[in-house]
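# Structure at a glance
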Amino acid sequence: MSDPLTALLQIISTQTTVLQTAYSKADSSVPSINTPFQPTPLEFDPRVTEARHLIVAAATQLIATVQSPIEFLQAQAGGMFDTVIVGFIIDVNVPEILREAGPEGLHVDDLSTATGVDASYLARVLRYLATRHIFKETSPNVFAHNRPSSLLTKAKSIKEIQKTPTARFDNAPIAAYLHLGSDELLTSSTAFSSFLKNPKQAAAPFNVAYNTPKKMWDWFEEDELRSRRFTAAMKNSADAMFRPEIFTSGINGDALNPDDVVVDVGGNIGPVTLTLYKAFPKLRYIVQDLGQQVVAGEKFWNEKAPQALKSGRVQLQAHDFFTPQPIKDAAIYMLRLIIHDWCDEDAKKILSQLRSAAGSQSKLILFEMLAKHVSENPTDGTLSAPYPLLPNLGVAKAGFFTTLDMSLLTMYNGKERTYEEYAQLGKESGWKLEEVKPGKICALVFSPI
Ligand SMILES: C[S@@+](CC[C@H](N)C(=O)[O-])C[C@H]1O[C@@H](n2cnc3c(N)ncnc32)[C@H](O)[C@@H]1O
């Protein structure tokens with residue numbers, strides 16, 4: 001076995017060749033960090049994704065190995081600046097201003113005129129980000145987009161943003177997600193330590209930080225910007241992160257009969273249902289969520305697939321999933337990224353309502369990510385990775401997932417669960433876990449007990 005550093009370098013070298021070959025076979029080359037992001041089918045190619053994960057896993061492990069542990073740890077003390085500075089830049093519309101300026105970028109004095117923010121502050125925060133490969137400084141105090149920063153742009157022009165500020169994050173999932181990270185998530189995280197030491201004091205750190213007994217969702221009902229921003233951020237999961245096949249094969253749509261009913265419980269405006277409707281237009285769909293999401297849903301469907309609502313194939317319904325489920329004996333009750341929002345007690349209440357409405361042939365399908373150990377553990381699917389990488393590939397594969405787990409804890413005392421924990425939750429609410437279809441997000445298929 002070679003020494004760890006040599007082994008890490010070999011992984012980087014071999015997988016870089018894999019990446020370059022995949023791009024050259026598609027008559028292209030690995031995208032430069034200096035040019036704005038352009039989506040290509042290769043973004044989702046499983047071999048490309050795997051090569052990327054291995055390169056990032058090896059590179060981050062190499063850094064953790066060779067960097068002075070003092071410098072390595074010092075970075076942890078300032079992690080909040082990553083969050084707060086990206087949030088600020090999005091807030092003052094720098095990404096859109098630089099998009100409109102084009103590839104040459106803009107001097108901070110011009111950015112200052114456009115944003116109303118002091119040029120010296122802008123220079124410092126943009127330098128902070130450019131040092132971390134978000135934006136590039138093309139000459140002293142002149143900044144332009146690079147590949148990561150180009151994804152921070154909203155889907156609207158500055159004029160549109162100024163005209164309707166509450167709608168500014170519509171159709172901009174990444175900007176929405178990062179901006180909410182710098183807002184209610186960051187504020188709530190200040191109560192993290194206090195909550196963990198005394199969890200009886202409130203439902204979640206969010207409730208401590210904002211001094212409210214309300215669940216985040218109910219709190220959103222009175223705040224259009226936050227509610228719309230969260231909705232836009234959720235779309236990130238459907239459009240950018242998960243392949244549609246996860247959902248189409250997850251519900252086993254080919255085996256369903258025309259007019260079978262699929263209920264998307266807590267479906268938000270219905271991004272998963274839209275994927276399913278496109279694949280299986282003969283099924284019937286009911287997207288349920290709280291009132292404000294239903295209003296936003298109408299707009300979404302009228303834009304994306306107006307015929308679906310007109311024909312009645314897709315219905316939007318205001319429904320609180322803690323109350324009796326009005327749709328009885330549906331073929332499928334599906335919940336994507338819902339159960340992980342709730343503690344065990346609440347999760348059981350939600351699943352029990354569905355069990356009471358289900359018929360003997362109904363299926364319950366949860367689309368969730370499964371929690372895994374960092375060490376090798378074949379029972380939860382954490383299998384060994386190439387020597388000397390962490391078995392879960394560290395932040396390359398589990399970075400977003402573990403951040404999400406902490407966000408769930410912070411906002412609602414929710415949690416990512418293991419396979420065993422989902423099976424147990426099902427058992428205690430009348431459902432038997434029959435199958436797990438693996439993927440970036442898994443389909444957990446349950447039948448009534
Ligand atoms: C994490 S999002 C998931 C949305 C959707 N399933 C998706 O994957 O795009 C959680 C959703 O649960 C909804 N929600 C929260 N509490 C609810 C309740 N009591 N009844 C119905 N929906 C609720 C929220 O409005 C939000 O749309």
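The rules behind the values
Along each chain, residues carry numbers from 1 onward, in the same order as the chain's sequence is written. Only residues with pLDDT of at least 70 get local features here, since the model is predicted, and only at 80 or more are side-chain atom pairs given and counted; chain-wide, interface and lining totals rely on the full set of residues. Heavy atoms throughout the structure, all of them, feed into the side-chain values; hydrogens and water do not. Numbering goes from the N terminus for both helices and strands, where a helix is a DSSP run of H or I of at least four residues and a strand is a run of E of at least two. Atoms counted for the radius of gyration: C-alpha only. Globule rule: 2.2 Å times residue count to the power 0.38. The buried label goes to any residue with under 20% of its type's maximum accessible area, the exposed label to any with over 50%, and the partly exposed label to all in between, with areas taken from a 1.4 Å probe on protein chains only. Two residues qualify as a contact provided that any one of their heavy atoms is within 4.5 Å of a heavy atom in the partner residue. UniProt positions are given in the numbering used here, feature names are shortened, and annotations may be inferred rather than shown by experiment. Surface patches are drawn from residues lacking salt bridges whose relative accessible area is over 30%; two like charges belong together within 9 Å, two nonpolar side chains (Val, Leu, Ile, Met, Phe, Trp, Tyr) within 5 Å. Where accessible areas are quoted, they stem from the Shrake-Rupley method and a 1.4 Å probe; at the residue level, only the protein chains shown are allowed to cover. We define a salt bridge as a contact between a side-chain nitrogen of Lys or Arg and a carboxyl oxygen of Asp or Glu at a distance within 4 Å. For Phe, Tyr and Trp, where Trp contributes only its six-membered ring, two rings pair if their centres lie within 6.5 Å, and the inter-plane angle classes them as stacked under 30 degrees, edge-to-face over 60, or tilted in between. For a ring to carry a charge above it, either NZ of a lysine or CZ of an arginine must fall within 6 Å of the ring centroid while also lying within 35 degrees of the normal to the ring plane.

### A look at the overall build of the protein chain
A tally of regular secondary structure across the protein chain gives 21 helices and ten strands. The globule rule puts the C-alpha radius of gyration for 449 residues at 22 Å, and the 23 Å found for the protein chain is close to it. The 449 residues of the protein chain split such that 47% are buried. For the protein chain, restricting intrachain contacts to residue pairs at least 6 apart in sequence, the fraction spanning at least 24 positions comes to 68%.

### Section: the UniProt feature "domain: O-methyltransferase dimerisation" (unreviewed entry) in the protein chain
In this numbering, the UniProt entry assigns the feature "domain: O-methyltransferase dimerisation" (unreviewed entry) to residues 89-154. In residues 89-154, helix accounts for 55% and strand for 14%; the two terminal C-alpha atoms are 12 Å from one another.

### Describing the environment of Leu 409
Topologically, Leu 409 is positioned in helix H20 (residues 394-412). Sequence-wise, Leu 409 and Met 216 are 193 residues apart; in three dimensions their C-alpha atoms are separated by 12 Å. Not counting residues within four places of it along the chain, the set of residues in contact with Leu 409 comprises Phe 192, Phe 195, Leu 196, Ala 204, Pro 205 and Gly 414.

### Details of a nonpolar patch on the surface
A cluster of nonpolar side chains, Ile 63, Phe 72 and Leu 73, forms an exposed patch at the surface whose accessible area comes to about 280 Å². Assignment of secondary structure puts Leu 73 in helix H3 (residues 69-77). By relative accessible area, Leu 73 is classed as exposed at 56%.

### A look at the packing of aromatic side chains
By the definition in use, this model includes 16 aromatic pairs. Look at Tyr 277 and Trp 301: their rings are 6.2 Å apart centre to centre, the planes differ by 75°, and that puts the pair in the edge-to-face class. Here the residue Tyr 277 occupies a position in helix H16 (residues 271-279), and Trp 301 occupies one in helix H17 (residues 291-304), the gap between them amounting to 24 residues. Of the residues examined, Tyr 277 reaches a relative accessible area of 15% and is grouped as buried. By relative accessible area, which is 0% here, Trp 301 ends up buried. Positioned above the aromatic ring of Tyr 128 is the side chain of Arg 132, whose terminal nitrogen or guanidinium carbon lies 3.6 Å from the ring centre. For Arg 355, the ring lying beneath its charged end belongs to Trp 431, and the centroid distance is 5.9 Å.

### Let's talk about helix H5 (residues 94-101)
For H5, every residue scored as buried is listed here: Val 94, Pro 95, Glu 96, Ile 97 and Leu 98. Gly 102 sits one or two residues past H5 and shows a positive phi near 90°.

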